[in-house]
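One letter stands for each residue in the lines below.
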Amino acid sequence: MAAPKKGAVGPLVGAVVQGTNSTRFLVFNSKTAELLSHHQVELTQEFPREGWVEQDPKEILQSVYECIERTCEKLDEVNVDIANIKAIGVSNQRETTVIWDRLTGEPLYNAVVWLDLRTQSTVENLSKKIPGNNNFVKSKTGLPLSTYFSAVKLRWMLDNVRNVQKAVEEGRALFGTIDSWLIWSMTGGVNGGVHCTDVTNASRTMLFNIHSLEWDKELCDFFEIPMNILPNVWSSSEIYGLMKSGALEGVPISGCLGDQSAALVGQMCFQEGQAKNTYGTGCFLLCNTGRKCVFSEHGLLTTVAYKLGRDKPVCYALEGSVAIAGAVIRWLRDNLGIIETSEEVEKLAKEAGTSYGCYFVPAFSGLYAPYWEPSARGIICGLTHFTNKYHIAFAALEAVCFQTREILDAMNRDCGIPLTHLQVDGAMTNNNILMQLQADILHIPVVKSSMPETTALGAAMAAGAAEGIGVWSLEPENLSAITMERFEPQIQATESDIRYATWKKAVMKSMGWVTAQSSENGDTAIFSSLPLGFFVVSSMIMLIGARYIS
């Protein structure tokens, strides 16, 4: 009997989504935005010292190849011809920093992850060099001087890793964020790999001028970073090179966006004033400000949203970044052991129905927007004899919502026009308790897409729309309508405001726990005297003998 004929589905576009906790490869129908197949691989994180977070770049690369191969096998099993995959887009965890040897293709050090805190004293030393009346770093980059961004991680490697120093001296070193490492490797590596990045990822390095859209010599001189190790900067949607191996050999890689920009595109927030919030390891709220840079007066970042073609205009965004969102659920699972799977937190929170006066500030990596306070550490407060794991689970979910409200409040003040609803995406949006809590605490509707994979969708859209590919139309009338689920506020605004005010008190108490010296050396943090009624998360970890996780 003849084998069944391959299904004539297409054209198709693939998307690599390289995140902090996992890698995925997803394949979409470019005409309908339907997700046809995907595969996911969880990744290891390493914590060599307290506050340090690293990953193996080779494990990340291998996970991408594995996801591509397994997805292609799954498509074959359902009779879909992978020859219909016309392009691949890449989206990635941002700011995570890799340096590798262009002659051997070997990483010269582990990837230093965006959450990593080892550079706090580097940041403090650099901040002393910035004139008080001329913060040229922020005016050129839209970013505060922080451990979060790539330049200080790169500076740390250049100062502390002899392999890196030697490779730079000998002209062998290449720097990149994760997208650069992947694209260079996938397009041939040592055999002609393309060393590039896109404007969205470049804008997160603190070396890139977001006005001229070029690497900035003054910034590179300030951080003492040689410009010859930096990748070429391209738009977010053009052909960078071709896959050089595997099931998709010869397929163009033609889309590249940092994960939060990819989610903005996937949510189709193409109009000025449209915003989305992504709930992943961290939490990231982006508002499209169109072709103008809006500089925040309330602790938000100004960043490049996207540039969908070499000759297309650049669009900017205001961004509020929260370091710990989904990571707090992983912490409850891996460190406290009060849940066995991440999904269980919803059951615990539902059973509790309230935090019963318990508040959780998960400042495991300091506080990002709107505070930018690296000395903060996690606390759980308001504990009584009655408090149990159900209340702590509820408080953990509430913490994600309170952090989002802080950012939304700042964004409303900067933009002057309050958001009437919030579009959301990311793995945590599957938690209906969280979504209802978010609507209650913001006191505006929360709108969840029926397509949760908006980061992947955005990367696929950019790749499929690239010049020379042209299988995905970004014209408004051609964009597939995606159904939405809506969560309306169910509590009075006064109740929401009281809970939020109490949360803000807890945030103030979380600050000032650690010195720069202790975070740099990985030693035990130097604590101020513990206020009565507060329970420090770090102490909690020691009590149960669990390892620290960022």
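Going by the structure above, here's the rest.
Numbers given for residues are sequential positions, taken from 1 along each chain in its written order. The predicted nature of this model means local features are confined to residues of pLDDT at least 70 and side-chain atom pairs, given and counted, to a pLDDT of 80 or more, with totals for whole chains, interfaces and linings taken over all residues. Values reported for side chains reflect all heavy atoms of the structure, with hydrogen atoms and water molecules removed beforehand.

Caption draft 1: The arrangement of the overall build of the protein in detail. In DSSP terms, a helix is any run of H or I states spanning at least four residues, a strand is any run of E spanning at least two, and both are numbered starting from the N terminus. For the protein, the count of helices and strands is 17 helices and 24 strands. For 550 residues, the compact-globule formula gives about 24 Å, and the C-alpha radius of gyration of the protein, at 23 Å, lands near that figure. Considering only C-alpha atoms, the protein reaches an extent of 70 × 55 × 45 Å along its principal axes. Classification of the 550 residues of the protein by burial places 62% in the buried group. Look at the contacts in the protein between residues 6 or more apart in sequence, and 73% of them connect residues 24 or more apart. Note that accessible areas follow from Shrake-Rupley with a 1.4 Å probe, and for residues the cover is restricted to the protein chains shown. Approximately 20,800 Å² of the protein is accessible, and the part contributed by carbon and sulfur atoms is 51%. Charged residues are defined here as Lys and Arg on the positive side and Asp and Glu on the negative side; His and the ends of the chain fall outside this count. To locate a charge, the coordinates of NZ of Lys, CZ of Arg, CG of Asp or CD of Glu are taken. Taking the average place of the 45 positive charges on the side chains of the protein and the average place of its 58 negative ones, the gap between the two points comes to 2 Å. Atoms counted for the radius of gyration: C-alpha only. Globule rule: 2.2 Å times residue count to the power 0.38. Only protein chains enter the calculation, and the probe is 1.4 Å; a residue is then buried if its accessible area is under 20% of its type maximum, exposed if over 50%, and partly exposed in between. Residue contacts are counted whenever heavy atoms from the two residues lie within 4.5 Å of one another.

Caption draft 2: Representation of the packing of aromatic side chains. Pairing of aromatic side chains here covers Phe, Tyr and the six-membered ring of Trp, requires ring centres within 6.5 Å, and sorts the geometry by plane angle: under 30 degrees stacked, over 60 edge-to-face, intermediate tilted. This model, assessed by the stated rule, comprises 25 aromatic pairs. Measuring from centroid to centroid gives 4.6 Å for tyrosine 148 and phenylalanine 149, while their planes differ by 35 degrees, and the two rings are tilted. Of the two residues examined, tyrosine 148 and phenylalanine 149, each falls in the buried class. Ring centres 6.3 Å apart and planes at 35 degrees place the aromatic pair phenylalanine 149 and tryptophan 372 in the tilted group. Taken together, the positions of phenylalanine 149 in the loop between α3 (136-141) and α4 (150-160) and tryptophan 372 in the loop between β19 (359-361) and β20 (379-381) put the pair 223 residues apart, joining distant regions of the chain. Comparing phenylalanine 149 with tryptophan 372 shows no difference in burial state: the two are buried. One aromatic cluster in this structure is built from Trp114, Tyr148, Phe149, Phe284, Tyr368 and Trp372. The side chain of arginine 94 reaches across the aromatic face of phenylalanine 284, ending 5.3 Å from its centre. Positioned above the aromatic ring of tryptophan 234, the side-chain terminus of arginine 310 is 6.0 Å from the ring centre. The rule is short: NZ of Lys or CZ of Arg within 6 Å of the ring centre and within 35 degrees of the ring normal puts a charge over the ring.

Caption draft 3: Molecular detail of the nonpolar core. Ranked by size, the top nonpolar core spans 149 residues in total, and within it Phe28, Leu207, Phe223, Ile225, Tyr279, Leu332 and Phe360 carry the most contacts. For this core, the element with the highest residue contribution is helix α12 (residues 389-415), accounting for 14 residues. Beyond its immediate sequence surroundings of up to four residues, isoleucine 225 is in contact with Ala151, Leu154, Arg155, Leu158, Leu207, Cys220 and Leu230. In this description, a nonpolar core means a group of buried Ala, Val, Leu, Ile, Met, Phe, Trp, Tyr and Cys residues linked to one another through side-chain atoms lying within 4.5 Å. Counting 35 residues, the second-largest nonpolar core is a separate cluster that includes Leu43, Leu75, Tyr240 and Val251.

Caption draft 4: Highlighting the packing of α4 against helix α5 (residues 162-169). Where helices are involved, their axes are fitted lines through C-alpha atoms of the stretch in contact, as for all axes, and angles between N-to-C directions lie from 0 to 180°. The N-to-C vectors of α4 and α5 enclose an angle of 95 degrees; their axes lie 6 Å apart at closest approach. Taken as axis vectors, α4 and α5 run roughly perpendicular relative to one another. Residues Met157, Leu158, Asp159 and Asn160 of α4 lie in contact with α5, whose contacting residues are Arg162, Val164, Gln165 and Val168. Three classes are used: nonpolar for Ala, Val, Leu, Ile, Met, Phe, Trp, Tyr, Cys and Pro, charged for Asp, Glu, Lys and Arg, and polar for all others, with Gly counted as polar. Grouping the constituent residues of the contact of α4 with α5 by class yields 4 nonpolar, 2 polar and 2 charged. The labels follow the angle: roughly parallel below 35 degrees, roughly antiparallel above 145, roughly perpendicular from 65 to 115, and oblique for the rest.

Caption draft 5: Up close: the sheet that holds strand β22 (residues 446-449). Here, any two strands with at least 2 DSSP bridges between them count as paired. Reading across the sheet, the 7 strands line up as β17-β18-β16-β15-β21-β22-β23 and stay open at both edges, with mixed pairing between neighbours. A strand with exactly one partner marks an edge of an open sheet, and here the two such strands are β17 (301-306) and β23 (484-487). In this sheet, adjacent strand axes meet at a mean angle of 30 degrees when their direction is disregarded. In this sheet, strand β21 (residues 422-425) lies alongside strand β15 (residues 275-279) in parallel orientation, the contact comprising 3 bridges.

Caption draft 6: Up close: the pairing of β21. Going residue by residue along β21, you find Leu422 and Val424 tucked away on one face and Gln423 and Asp425 tucked away on the opposite face as well. With 3 bridges connecting them, β21 and β22 associate as parallel partners. Each bridged residue has a counterpart across the sheet, and for leucine 422 the counterpart in β22 is valine 446. Read as a crossover between parallel neighbours, the route from β21 over helix α13 (residues 432-442) to β22 is right-handed. The handedness rule is simple: strands pointing away from the viewer, and a clockwise path from the first strand over the helix to the second, make the crossover right-handed.

Caption draft 7: Structural context of the environment of isoleucine 498. Mapped onto the secondary structure, isoleucine 498 falls in helix α15 (residues 493-510). The spacing of isoleucine 498 and isoleucine 441 is 57 residues in sequence and 10.0 Å in space, taken between C-alpha atoms.

Caption draft 8: Broad picture of the state of the cysteines. Two cysteine sulfur atoms make up a disulfide if the distance between them is within 2.5 Å. Under the criterion given, the structure shown has 0 disulfides. Free cysteine cysteine 358: the closest other cysteine sulfur is in cysteine 381, separated by 7.0 Å. Cysteine 401 takes part in no disulfide bond, and the closest cysteine sulfur, belonging to cysteine 283, lies 8.5 Å away. Classification of cysteine 401 as buried rests on a relative accessible area of 0%.

Caption draft 9: Quick look at helix α10 (residues 326-336). Counting buried residues along α10, 9 of its 11 residues qualify, which places the element largely inside the surrounding structure. Downstream of α10 by one or two residues, glycine 337 has phi in the positive range, about 70 degrees.

Caption draft 10: Summary view of the sheet that holds strand β2 (residues 22-29). Spatially, β3-β2-β1-β5-β14-β13 is the arrangement adopted by the 6 strands of the open sheet, whose pairing is mixed. Unpaired on one side and paired on the other, β3 (35-42) and β13 (237-242) mark the two borders of the sheet. With direction set aside, neighbouring strand axes in the sheet form an average angle of 25 degrees. Bridge count between β2 and β3: 7 bridges; the pairing is antiparallel.

Caption draft 11: Local environment of the pattern of salt bridges. Salt bridges are defined by distance alone: a side-chain nitrogen of Lys or Arg within 4 Å of a carboxyl oxygen of Asp or Glu. Under the criterion given, the structure shown has 30 salt bridges. Note that arginine 330 is salt-bridged to aspartate 334, the shortest N-O span being 3.5 Å. Here arginine 330 pairs with aspartate 334, and both are found in helix α10, just 4 residues apart, close to one helical turn. Classification of aspartate 334 as partly exposed rests on a relative accessible area of 34%. Residues joined in a network through salt bridges with shared partners are Arg94, Glu95, Arg204, Asp259 and Glu319.

Caption draft 12: Region of the structure containing the pairing of β17. In terms of burial, β17 is largely enclosed, as 6 of its 6 residues are buried. The sheet contact formed by β17 and strand β18 (residues 315-322) spans 5 bridges and is antiparallel. Its bridge partner lying in β18, threonine 302 is registered against leucine 318.

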